[in-house]
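Take a look at the letters that make up each chain.
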Amino acid sequence: MANTDVPDLDTFLEGLRKRNPGQEEFAQAVGEVAEDILPFIADNENYQEAEILRRLAEPDRVVSFRVCWEDDDGNIHVERGWRVQNNNAIGPYKGGLRFSESVTESVLKFLAFEQTFKNSLTGLPMGGGKGGSNFNPKGKSDREVMRFCQSFMTELYRHIGPSVDVPAGDIGVGSREIGYLFGQYKRITGRWEGVLTGKALEYGGSRLRTEATGYGVVYFLREMLKNADEELDGKTAVVSGSGNVALYAAQKLIDCGAKVLTLSDSDGFVHDPDGIDAEKLDWVMKLKLERRGRISEYADEFDGAEYHEGNAPWHVDCDIALPCATQNELDDDAAKALLDNDVMAVVEGANMPSTRDAAKRFRKSDILFGPAKAANAGGVAVSGLEMTQNSQRMSWECDKLDDMLTQLMAEIHEKCRSDGESDDGAVDYVRGANIAGFRKVADAMLDFGVM
Ligand code: GLU
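What comes next concerns the included structure. (Residues numbered from 1 in each chain as written. Predicted model: local features only at pLDDT ≥ 70, side-chain atom pairs only at ≥ 80, totals over all residues. Heavy atoms only, no water.)

1. Focus: the overall build of the chain
- Looking only at helices and strands, the chain has 17 helices and 12 strands in total.
- Overall, the chain is about 70 × 60 × 45 Å in size when its C-alpha atoms are taken along their principal axes.
- Within the chain, contacts between residues separated by at least 24 positions form 71% of all contacts whose residues are at least 6 apart in sequence.
- A total of about 18500 Å² of accessible surface is found on the chain, and carbon and sulfur atoms cover 44% of it.
- Placing the 51 positive and 77 negative side-chain charges of the chain at their respective mean positions leaves the two points 7 Å apart. (Helix = DSSP H or I, 4+ residues; strand = E, 2+ residues; numbered from the N terminus. Contact = heavy atoms within 4.5 Å. Areas by Shrake-Rupley, 256 points an atom, 1.4 Å probe, with all protein chains shown as cover. Lys, Arg positive; Asp, Glu negative; His and termini not counted. Charge placed at Lys NZ, Arg CZ, Asp CG, Glu CD.)

Shown next, in the form of structure tokens:
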């Protein structure tokens, strides 16, 4: 008789930790999902019998490789590269590449696991993967970044392909890096194909891809507010980060009539009590995306703004908080501070920005809490649309893509709502996202049998 006993969370996580020693981020991400999925599979025997959760938490494969590159002074550097292919039940592996000194196998395994659920929620045929390197492009010359990217792709190319695995950008990988990576893939294989997304428009990129994650976060927030009979106009918002996600989320917040009070980078945050308006944000876009400057310069440029070195913005009084920087940037003290200040909604733009304790505190409270795997899925959703445009040899207009993104985010919201709503009408978006994301992948895996 097959085992249909659902393990309790502690036993499940103990086994996971034993198999993945020292991989705390991975255990955190799986733990957050398991907390909702274990009770769900207790009512759905098939999933337990087929050990679906256990299989999902074991990546299909983890490829790790050496990446050597030469700096401008002729010194040789040795870094490590990875591609974690978590699950391809519903489509080719899909997920970004992250270049940052904080990258470890554990971080990439957590991201690839999360991506599997996120991509499933988009409704598009994409499996979950993630990759990257501990190489940090900050402070490197363009030529150094080019040599690194070429070396990285010289190994990666054999593991990817438009129907196999389609990487994109993430932290530290923007259009410059995607250009070098794509060029090297094309040079090695001799093929132009949609093997990466986030490409520039000239060579097959999609309109709106750059803005999509940030815009999508705000579209999701808007749906949550609408469902609670609230609206965005006139609300104050605290945003962390100043990369693509944060800046385009801020832009859409401003468009929708909200007042954006903060932005940050890894050194500290700026607080502008008058609000960061469209013009000031334009200046920040040039500072961060073109000049690669630091956010502290904002306070020198605009009167009334303060710079807070070494801190995160969570103590600033606000209606809405959007953590859009990186994992575990918002801890339990920050969560307490936000709730003490009567925050109405916290929506995750970065991947797993709330620590386990912070997320638990938000879920226990009566605020609207939008988890990353649903709220930031707009980026990968438009990546999916980039793949479609590439296979059709077509390029769609911005308005069409924005309508599709708006629609996709509303559908993701609806999936989370219907699986996360309790009898009193309150919505646990975390549970909804976990269950809805899981179901589609799990059902496909059941169809394939044991593998
Ligand atoms: N890195 C982004 C994410 O976390 C996008 C991935 C993609 O477009 O493939 O979802």
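Here the narrative resumes, following the displayed structure.
2. What about empty space enclosed by the protein?
- Evaluation of the coordinates by the stated rule reveals one cavity of 30 Å³ or more.
- Every residue lining the largest cavity is counted, 15 residues in all, and those nearest its centre are Glu32, Ala359, Phe369, Pro371 and Val430.
- Elements with a minimum of two residues in the lining of the largest cavity: α2 (24–42), α13 (356–364) and α14 (372–375).
- Class assignment for the residues of the lining of the largest cavity results in six nonpolar, one polar and eight charged. (1 Å grid on protein atoms, 1.4 Å probe; cavity = no way out; pocket = protein on both sides within 12 Å on 5 of 7 lines; lining within 4 Å. Points joined across faces, edges and corners; volume = space filled by probe spheres on them. Nonpolar A, V, L, I, M, F, W, Y, C, P; charged D, E, K, R; others polar.)

3. A look at the pattern of salt bridges
- The final tally for this structure, using the stated rule, is 30 salt bridges.
- Here Asp72 ties to Arg147 by a salt bridge, and the two come within 2.6 Å at their closest N and O atoms. Taken together, the residues span a long stretch of sequence, with Asp72 in the loop between β1 (61–70) and β2 (76–87) and Arg147 in helix α6 (residues 142–156) at a distance of 75 residues.
- For Asp72, a relative accessible area of 44% gives the class partly exposed.
- A salt bridge links Glu114 to Lys373; the nearest nitrogen and oxygen atoms lie 3.4 Å apart. Within this pair, whereas Glu114 is found in helix α5 (residues 105–122), its partner Lys373 is found in helix α14, the two being separated by 259 residues in sequence. The pair formed by Glu114 and Lys373 is uniform in burial state, with each residue classed as buried.
- Sharing partners across several salt bridges, the network here consists of Asp265, Asp267, Lys288 and Arg294. (Salt bridge = Lys/Arg side-chain N within 4 Å of Asp/Glu carboxyl O. Buried < 20%, exposed > 50% of the residue type's maximum accessible area, 1.4 Å probe, protein only.)

4. So, helix α10 (residues 278–290)
- Taking 1.5 Å per residue as the helical rise, α10 with its 13 residues ought to reach 18 Å, and the 17 Å between its terminal C-alpha atoms agrees with that figure.
- Listed as buried for α10 are Lys280, Leu281, Trp283, Val284, Met285, Leu287 and Lys288.
- On the buried face of α10, the contacting elements are α9 (244–255), β7 (259–265) and α11 (297–301). (Expected span 1.5 Å × (residues − 1).)

5. Side note on the packing of aromatic side chains
- Applying the stated criterion to the full structure yields 21 aromatic pairs.
- By the ring-pair criterion, three or more aromatic residues cluster together here, those being Phe65, Trp69, Phe99, Phe135, Phe148 and Phe152.
- Note that Lys252 overlies the ring of Tyr215, its terminal NZ or CZ placed 4.3 Å from the centroid.
- When the ring centre of Trp396 is taken as reference, the NZ or CZ atom of Lys400 above it lies at 4.6 Å. (Phe/Tyr/Trp six-rings, centres within 6.5 Å; stacked < 30°, edge-to-face > 60°. Lys NZ or Arg CZ within 6 Å of the ring centre and 35° of its normal.)

6. Regarding the site of the ligand
- For the ligand, the set of nearby residues contains 13 residues, the closest of which are Lys94, Lys118, Asp170, Arg209 and Ser383.
- When the free accessible area of the ligand is taken as 290 Å², the share hidden by the protein chains comes to 95%.
- Per element, the largest residue contribution to the shell around the ligand is three residues, and it comes from strand β3 (residues 93–99).
- Partitioning the shell around the ligand into residue classes produces two nonpolar, six polar and five charged. (Near = heavy atom within 4 Å.)

7. So, the layout of surface pockets
- By volume, the second largest pocket amounts to about 360 Å³.
- Residue lining of the second largest pocket: 19 residues in total, with Asp366, Ile367, Leu368, Ala426 and Val427 positioned closest to the centre.
- Listed by contribution, the elements that provide at least two residues to the lining of the second largest pocket are α8 (209–227), α13, β12 (368–370) and α17 (429–448).
- Tallied by class, residues from the lining of the second largest pocket come to 12 nonpolar, three polar and four charged.

8. Things to note about the environment of Tyr248
- Mapped onto the elements, Tyr248 comes out in helix α9.
- Sequence separation between Tyr248 and Ala212 is 36 residues; the distance between their C-alpha atoms is 7.9 Å.
- Setting aside residues up to four positions removed in sequence, Tyr248 forms contacts with Thr210, Glu211, Gly214, Tyr215, Met285 and Leu289.

9. Comments concerning the sheet that holds β2
- Spatially, five strands are ordered β1-β2-β4-β3-β5 in an open sheet, and the strand pairing comes out mixed. The open sheet is flanked by β1 and β5 (165–168), the only strands paired with a single partner. Neighbouring strand axes in the sheet, compared pairwise and without regard to direction, differ in orientation by 20 degrees on average.
- In this sheet, β2 lies alongside β1 in antiparallel orientation, the contact comprising 10 bridges. Bridge pairing in β2 links Ser64 to Trp82.
- Running at roughly 145 degrees to β1, α6 makes contact with β1, β2, β3, β4 (128–133) and β5 of the sheet. (Pairing = 2+ DSSP bridges. Axes fitted to C-alpha atoms, helices over the stretch in contact; angles between N-to-C directions.)

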